[in-house]
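# Architecture and fold: a report
Residues per chain are reported as follows:
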Amino acid sequence: APVGRHQRGVGQIERTDFEPLAAMETGTRVAFRQVEDEDPERLRYLKSLGLVPMVEMVVTDRQPFGGPITVRVEGKESQERVIGEELASCMLVERR
């Protein structure tokens, strides 16, 4: 997935500081910013997991060969979520 591309449109955020969750190493703390393609189904699914823009999380595990990524979602009660590689590739995050 291209990182740091300048895509400007009406109300578009310049994405220079955002990277895909799939590129993060274990132990990295990030804030979820947006979904690359704004697919409503994806956004609904992420919201059901408590993954909404600006939520902070830590990558706790990564499986090799395109396997899932586990994150601990920070908040009132921290929860672990397992995210498939395809979805993690669409989730743009900002390092904390």
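Placed above this text is the structure.
Note that this is a predicted model, so its numbers are computed, not measured.

### Section: the nonpolar core
Membership of the largest hydrophobic core comes to 21 residues, with the highest contact counts inside it found for Leu21, Phe32, Leu51, Met57, Val71, Ile83 and Met91. Only strand S2 (29-35), strand S3 (56-62), strand S4 (69-73), helix H2 (85-90) and strand S6 (91-95) provide two or more residues apiece to this core. For Val71, the contacting residues outside a window of four places in its chain are Leu21, Met57, Val58, Val59, Thr60, Gln79, Glu80, Arg81 and Ile83.

### Comments concerning unusual backbone geometry
Negative phi values dominate among residues other than glycine, just as trans dominates among peptide bonds. Even without being a glycine, Met54 presents a positive backbone phi close to 80°. A relative accessible area of 41% means that Met54 is categorised as partly exposed.

### A few points about the pattern of salt bridges
Within the structure shown, the criterion is met by nine salt bridges. One salt bridge in this structure joins Glu86 and Arg42, with 3.4 Å as the shortest N-O distance. Taken as a pair, Glu86 in helix H2 and Arg42 in helix H1 (residues 40-48) lie far apart in primary sequence, 44 residues in all. The class for Glu86 is exposed, based on a relative accessible area of 58%. For Arg42, a relative accessible area of 19% puts it in the buried group.

Definitions and limits used
- Position labels on residues start from 1 in each chain and follow its written sequence.
- For this predicted model, a pLDDT threshold of at least 70 governs which residues receive local features, and a threshold of 80 or more governs which side-chain atom pairs are given and counted, while totals over whole chains, interfaces and linings are taken from all residues.
- As a rule here, side-chain values cover all heavy atoms of the structure and leave hydrogens and water aside.
- Put simply, a nonpolar core is a bunch of buried Ala, Val, Leu, Ile, Met, Phe, Trp, Tyr and Cys residues held in one set by side-chain atoms that sit within 4.5 Å of each other.
- Each residue gets one of three labels from its accessible area relative to the maximum for its type: buried under 20%, exposed over 50%, partly exposed in between, using a 1.4 Å probe on protein chains only.
- Only DSSP runs of H or I covering at least 4 residues are called helices, and only runs of E covering at least 2 are called strands; the numbering of each starts at the N terminus.
- By definition in these notes, contact holds between two residues if any of their heavy atoms fall within 4.5 Å.
- Salt bridges are counted wherever a side-chain nitrogen of Lys or Arg sits within 4 Å of a carboxyl oxygen of Asp or Glu.

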